[in-house]
Amino acid sequence: MKPLLHHTSLPSFKTDISAYKAAVASTGTLPDGDVPLEAKMWYVLQLVEQNRTADAAVLLDTINYNPNALTPPIYTAWMWLVRMSIYIARADYLMAGDAAERTLRALDAIVVKKGDDFLAILAGVLYNLAMLHNASSENSRAAKELAKAQKLYERLVKKDESRFATMLTYAVEASMLIFKSRQQQMEVFAHYHDLTEQYSGMVEGGNRDAIAQLVDSLHKEGEIMLEMGNHRDAMKYFTKALRYQKRISSEMGMKELTLSIGLARSLMRIANRRESADQLLASLQPLAQRLGATEAQAEIASLLDKKDKNNRIMTLLKGIF
């Protein structure tokens, strides 16, 4: 997916910052002293468009983590949206999720939820969330978020084609990419499904050497179902894989840990099974520590944190729409 164009969502300013623009054109930076927030925001946009994202991040963090009660929420939302994009570009998806939540909280604080600036930022955060979830192989969520973003950009293009047409094109292109990806996933799933049936027949026929291959095939099917958003099916595949794995080993090792984490990821996406997911993840932490599985430990911690963040983001989105 192409990165979000932030000039399309930059809010309208009430303050005249032409003098500060001239200063930047002359010296390359903002002047010292008391600089209006609008000038700082405009300068952030210049830094991002010049690929000076490290400098933009420092300036944004200085503003965002020292909030002013008089700052309009629409400004706050835009700045967190830009910060989210920088995190995504650095593949820091955990912090990108945090920035998304902050963007949505700022939008939620706006009393009159309409107008081009509001809708542009909302479309932008949806587009970024789709990019975030696509990078995390959560294609089902990405597709839904892109569909909402695309509808908003279609609405905005009717009002200002020159401002929003490019982002509408980006959203359409991204939707096509995800659609093709889902087609490829279905083809891969069909392959592993055939293998599963083949190995299942061999196992039932008494071929115990086929159990390991069956477990791997079921594991892959579970992963694909997760990516496609079929969480109940994913849960069934991981559960079945664990059941067959018990025939190979009665001990809890890395294979069991990996499958159990996959099962927990499935349960997290099923409304009435989220508590079970929490309990399972908590029970897996000692196992991951005992096995010295540092990556698994980090994934468990991330999942526990991400669960709450995703729930908050979904709640905020439902409240805004």
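Position numbers for residues start from 1 in each chain and track the written sequence from start to end. Thresholds applied to this predicted model are a pLDDT of at least 70 for local features of residues and 80 or more for the giving and counting of side-chain atom pairs; totals over whole chains, interfaces and linings are not thresholded and use all residues. Only heavy atoms go into the side-chain values, all of them from the structure, while hydrogens and water stay out.

### Quick look at the overall build of the chain
Per the secondary structure count, the chain includes 13 helices and 0 strands. Secondary structure elements in the chain, listed N-terminal to C-terminal, are α-α-α-α-α-α-α-α-α-α-α-α-α. Judged by the C-alpha coordinates and their principal axes, the chain covers about 80 × 40 × 35 Å. To sort residues, take the accessible area from a 1.4 Å probe on protein chains only and compare it with the maximum for the residue type: under 20% means buried, over 50% means exposed, and anything in between is partly exposed. Within the chain, the proportion of its 321 residues that are buried is 47%. Accessible surface, the chain: about 16100 Å² in total, of which carbon and sulfur atoms supply 51%. Only four residue types enter the charge count: Lys and Arg as positive, Asp and Glu as negative, with His and the chain ends excluded. Charge placement uses NZ in Lys and CZ in Arg. For Asp and Glu, CG and CD serve respectively. Across the chain, the centroid of the 40 positively charged side chains sits 5 Å from that of the 37 negatively charged ones. The way it works is that DSSP assigns letters per residue, a run of H or I at least four long becomes a helix, a run of E at least two long becomes a strand, and they are numbered from the N terminus. To be clear on the numbers: accessible area is Shrake-Rupley with a 1.4 Å probe, and residue cover counts the displayed protein chains and nothing else.

### Points about the nonpolar core
Residues Trp78, Met84, Leu104, Leu107, Leu122, Tyr127 and Tyr153 are the most contacted members of the largest nonpolar core, which totals 69 residues. Counting residues per element, the ones that place at least two in this core are helix H2 (37-49), helix H3 (53-64), helix H4 (73-89), helix H5 (93-108), helix H6 (116-135), helix H7 (139-157), helix H8 (161-204) and helix H13 (294-320). The biggest single contributor to this core is H6, with 13 residues. For Met84, the contacting residues outside a window of four places in its chain are Ala96, Ala99, Ala100, Val125, Asn128 and Leu129. Among buried residues, the Ala, Val, Leu, Ile, Met, Phe, Trp, Tyr and Cys ones that are joined through side-chain atoms within 4.5 Å form a nonpolar core. Ranked by size, the runner-up nonpolar core spans 37 residues in total, among them Ala234, Ile261, Leu263 and Leu280. In this analysis, two residues are considered to be in contact whenever any of their non-hydrogen atoms come within 4.5 Å of each other.

### Some points on the pattern of salt bridges
A pair is scored as a salt bridge if a Lys or Arg side-chain nitrogen falls within 4 Å of a carboxyl oxygen belonging to Asp or Glu. All told, the structure shown has 12 salt bridges when counted by the stated rule. Note that Arg52 is salt-bridged to Asp55, the shortest N-O span being 3.2 Å. Overall, the relative accessible area of 32% leaves Arg52 in the partly exposed class. Residue classification places Asp55 among the partly exposed positions, given a relative accessible area of 39%. Residues Asp116 and Lys159 are paired through a salt bridge, measuring 3.5 Å at the closest nitrogen-oxygen approach.

### Focus: the packing of aromatic side chains
Each aromatic pair joins two rings of Phe, Tyr and Trp (for Trp, the six-membered one) with centres within 6.5 Å, and gets the label stacked for planes under 30 degrees apart, edge-to-face for over 60, and tilted for any other angle. Using the criterion set out here, one finds 3 aromatic pairs in the structure. On the basis of an interplanar angle of 70° and a centroid distance of 5.9 Å, the ring pair of Phe189 and Tyr237 is categorised as edge-to-face. With Phe189 in helix H8 and Tyr237 in helix H10 (residues 231-248), this pair connects stretches of sequence that are 48 residues apart. For the pair formed by Phe189 and Tyr237, the shared burial category is buried.

### Some details on helix H12 (residues 274-290)
For H12, with 17 residues, the first-to-last C-alpha span of 25 Å sits near the 24 Å given by 1.5 Å per residue. If you look at H12, its biggest bend is around 25°, right at Leu284, and the proline Pro286 turns up within four residues after that. Every buried residue of H12 is listed here: Ala277, Leu280, Leu281, Leu284, Leu287 and Ala288. Phi for Gly292, located one or two positions after H12, is positive at around 70°. Each residue after the first adds 1.5 Å to the expected span of a helix. By definition, a residue's bend is the angle between the axes fitted to the seven residues ending there and the seven starting there.

### Side note on unusual backbone geometry
Look at Asn51: it is not a glycine, yet its phi comes out positive at around 65°. When you line up the elements, Asn51 lands in the loop between H2 and H3. With relative accessibility at 66%, the residue Asn51 sits in the exposed group.

### Points about the packing of H2 against H3
The N-to-C vectors of H2 and H3 enclose an angle of 155°; their axes lie 8 Å apart at closest approach. What the angle tells us is that H2 and H3 run roughly antiparallel. Between H2 and H3 the crossing geometry is left-handed. On the side of H2, the interface is formed by Leu37, Lys40, Tyr43, Val44, Leu47 and Val48, while H3 contributes Thr53, Asp55, Ala56, Leu59, Leu60 and Ile63. All axes are obtained by fitting lines to C-alpha atoms, using only the stretch in contact for helices, and the reported angles, taken between N-to-C directions, cover 0 to 180 degrees. Oblique is the label for any angle not under 35 degrees, not over 145, and not in the 65 to 115 range, which are roughly parallel, roughly antiparallel and roughly perpendicular in turn. Helix crossings fall into two classes, left-handed where the near helix is turned counterclockwise from the far one by less than a right angle and right-handed where it is turned clockwise.

### Quick notes on the confidence of the model for the chain
Looking at the chain as a whole, the pLDDT averages 90, with 99% of positions reaching at least 70. pLDDT expresses, on a scale from 0 to 100, how confident the predictor is about each individual residue. The secondary-structure element of the chain with the lowest mean pLDDT is H13, recorded at 82, while H4 shows the highest, at 97.

### Let's talk about a positive patch on the surface
To count toward a patch, a residue needs a relative accessible area above 30% and no salt bridge. Like charges then connect within 9 Å, nonpolar side chains (Val, Leu, Ile, Met, Phe, Trp, Tyr) within 5 Å. The grouping of Lys144, Lys148, Arg274 and Lys318 at the surface amounts to a positive patch. For Arg274, the location among the structural elements is in helix H12.

### A look at the side chain of His6
Relative to the elements of secondary structure, His6 occurs in the segment before helix H1 (18-27). According to the relative accessible area criterion, His6 is buried, its value standing at 5%. N or O atoms within 3.5 Å of each other form a polar contact, as long as, within protein, one can give a hydrogen and the other can take it, and as long as residues adjacent in sequence are counted only when both atoms are side-chain atoms. Within polar-contact distance, the side chain of His6 engages the side chain of Ser85 at 2.7 Å. Leaving out residues up to four positions away in the same chain, His6 has contacts with Leu45, Val48, Trp78, Leu81, Val82 and Ser85.

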